[in-house]
Amino acid sequence: MKKKQQRIQLVLISIGLLLFVLTYLYYPNIVKDKLLKDQSVNKGFEAVGTEDHITVFEDIEYRGLYDIDKPFKVKSETAYILNEEPDIVYMSSMHVTLYLSDGRIVNITSDKGRYNKITYDCFFEQNVKATDENTIILAENLDLLATENFVEIYNDVSLEYNTNYLLADKINYNFETKHFKVSMFDDKSVKMKVI
């Protein structure tokens with residue numbers, strides 16, 4: 001009887017260890033591999049030229065997830081990658097689409113910009129336009145950092161929301177909460193929420 005109880009305990013401990021290994025070691029790797037596959041480059045792009053230090057692409061698109069469950073797309077008409085910076089994609093006619101948790105879609109476009117394939121950070125330059133249903137933001141620069149909950153918009157910023165209009169030197173905007181931090185004239189700032 002005692003041997004039978006010891007065997008049952010050994011089987012239960014073995015099952016417990018197996019469940020622990022599967023739950024905390026194996027399953028996260030499966031999810032990570034799936035996310036990495038989803039964050040792949042669209043196969044429709046075409047490398048149009050390579051030199052010793054640069055690779056040029058046309059019609060390139062990257063897809064991925066941020067905050068584990070929110071998809072995004074980064075597109076460009078033409079792009080290039082420097083051999084000494086293989087993680088940075090320099091883009092012209094850059095377009096990013098963010099899908100927010102409340103169902104809203106944010107589109108950000110610019111004449112040129114940079115996309116970091118590892119950190120998912122995007123830096124927009126020249127004629128930046130960000131739209132989020134009712135909000136339109138125009139500027140010369142916009143930094144979208146994947147590790148932050150907001151975008152930093154600066155240089156000739158104008159913001160239009162329904163019938164309201166605002167000019168600023170710099171705005172930090174959170175698309176999820178719709179909160180703005182507006183800076184003018186040497187870091188004097190105003191916090192506001194658009195409803």
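In this text, all values refer to a predicted model and were calculated from it rather than measured experimentally.

K.L.:
Help me understand the overall build of the chain, please; the structure alone is not making it clear to me.
P.N.:
Of regular secondary structure, the chain possesses one helix and 11 strands. Element order for the chain, N to C, with α for helix and β for strand: α-β-β-β-β-β-β-β-β-β-β-β. Burial status across the chain gives 32% buried among its 195 residues. Accessible surface computed for the chain: about 12,600 Å², of which carbon and sulfur atoms make up 55%.

K.L.:
Would you explain the pairing of strand β8 (residues 151-161) in this entry?
P.N.:
Consecutive residues of a regular strand have side chains that alternate between opposite faces of the sheet. Sheet topology note: the strand β7 (residues 135-144)/β8 ladder contains eight bridges and is antiparallel. Each bridged residue has a counterpart across the sheet, and for L142 the counterpart in β8 is I153. Two strands pair when backbone bridges link them, and β8 and strand β9 (residues 164-174) are joined in this way by nine bridges, in the antiparallel orientation. Looking at β9, one finds that I153 is bridged to I171. Counted along the chain from β8 to the antiparallel partner β9, the turn is two residues long, and its residue N162 has a positive phi close to 50°.

K.L.:
What is the right way to look at the packing of aromatic side chains in this model?
P.N.:
Each aromatic ring pair is described using two quantities: the centre-to-centre distance and the angle formed by the ring planes. Here the structure, examined in full by the defined rule, presents three aromatic pairs. Judged by centre distance (5.1 Å) and plane angle (10°), the rings of Y80 and Y90 are stacked. Within this pair, whereas Y80 is found in strand β3 (residues 70-82), its partner Y90 is found in strand β4 (residues 85-99), the two being separated by 10 residues in sequence. In this structure Y80 comes out as partly exposed when scored by relative accessible area, which is 33%. On the accessibility criterion, Y90 (18% relative accessible area) is buried.

K.L.:
What is the right way to look at a nonpolar patch on the surface in this model?
P.N.:
On the surface, a cluster of nonpolar side chains totalling about 470 Å² of accessible area is made up of I8, V11, L12, I15 and L19. For L19, the location among the structural elements is in helix α1 (residues 2-38).

K.L.:
So what exactly am I meant to see when it comes to the confidence of the model for the chain here?
P.N.:
Detailed reading of predicted coordinates is not advised where the pLDDT is low. In this model, the chain carries an average pLDDT of 78, and 79% of its residues clear a pLDDT of 70 or more. Within the chain, the element-level pLDDT minimum falls on strand β1 (residues 46-50), averaging 46, and the maximum on strand β5 (residues 105-116), averaging 92. When the criterion is pLDDT under 50, residues 35-49 qualifies, and its contacts beyond four places in sequence or with other chains add up to 32 contacts. Counting contacts from residues 189-195, a segment whose pLDDT is below 50, to residues more than four positions away or on other chains yields 20 contacts.

K.L.:
What is the right way to look at the pattern of salt bridges in this model?
P.N.:
It is possible for side chains bearing opposite charge to pair when their charged atoms get close. A complete count under the given rule lists six salt bridges for this structure. Between E61 and R63 there is a salt bridge, with its nearest N and O atoms 2.6 Å apart. Accessibility expressed as a relative area gives 42% for R63, which makes it partly exposed. A salt bridge links E125 to K112; the shortest N-O distance between them is 3.8 Å. Highlighted residues: E125 in strand β6 (residues 122-132) and K112 in strand β5, separated in sequence by 13 residues. Assessed through its relative accessible area of 23%, E125 is described here as partly exposed. Residues participating in the shared-partner salt-bridge network are D102, R104 and D132.

Quick notes on the rules
- Residues numbered from 1 in each chain as written.
- Predicted model: local features only at pLDDT ≥ 70, side-chain atom pairs only at ≥ 80, totals over all residues.
- Heavy atoms only, no water.
- Helix = DSSP H or I, 4+ residues; strand = E, 2+ residues; numbered from the N terminus.
- Buried < 20%, exposed > 50% of the residue type's maximum accessible area, 1.4 Å probe, protein only.
- Areas by Shrake-Rupley, 256 points an atom, 1.4 Å probe, with all protein chains shown as cover.
- Pairing = 2+ DSSP bridges.
- Phe/Tyr/Trp six-rings, centres within 6.5 Å; stacked < 30°, edge-to-face > 60°.
- Patch = residues over 30% accessible without salt bridge, like charges linked within 9 Å, V, L, I, M, F, W, Y side chains within 5 Å.
- Salt bridge = Lys/Arg side-chain N within 4 Å of Asp/Glu carboxyl O.
- pLDDT = per-residue confidence, 0-100.
- Contact = heavy atoms within 4.5 Å.

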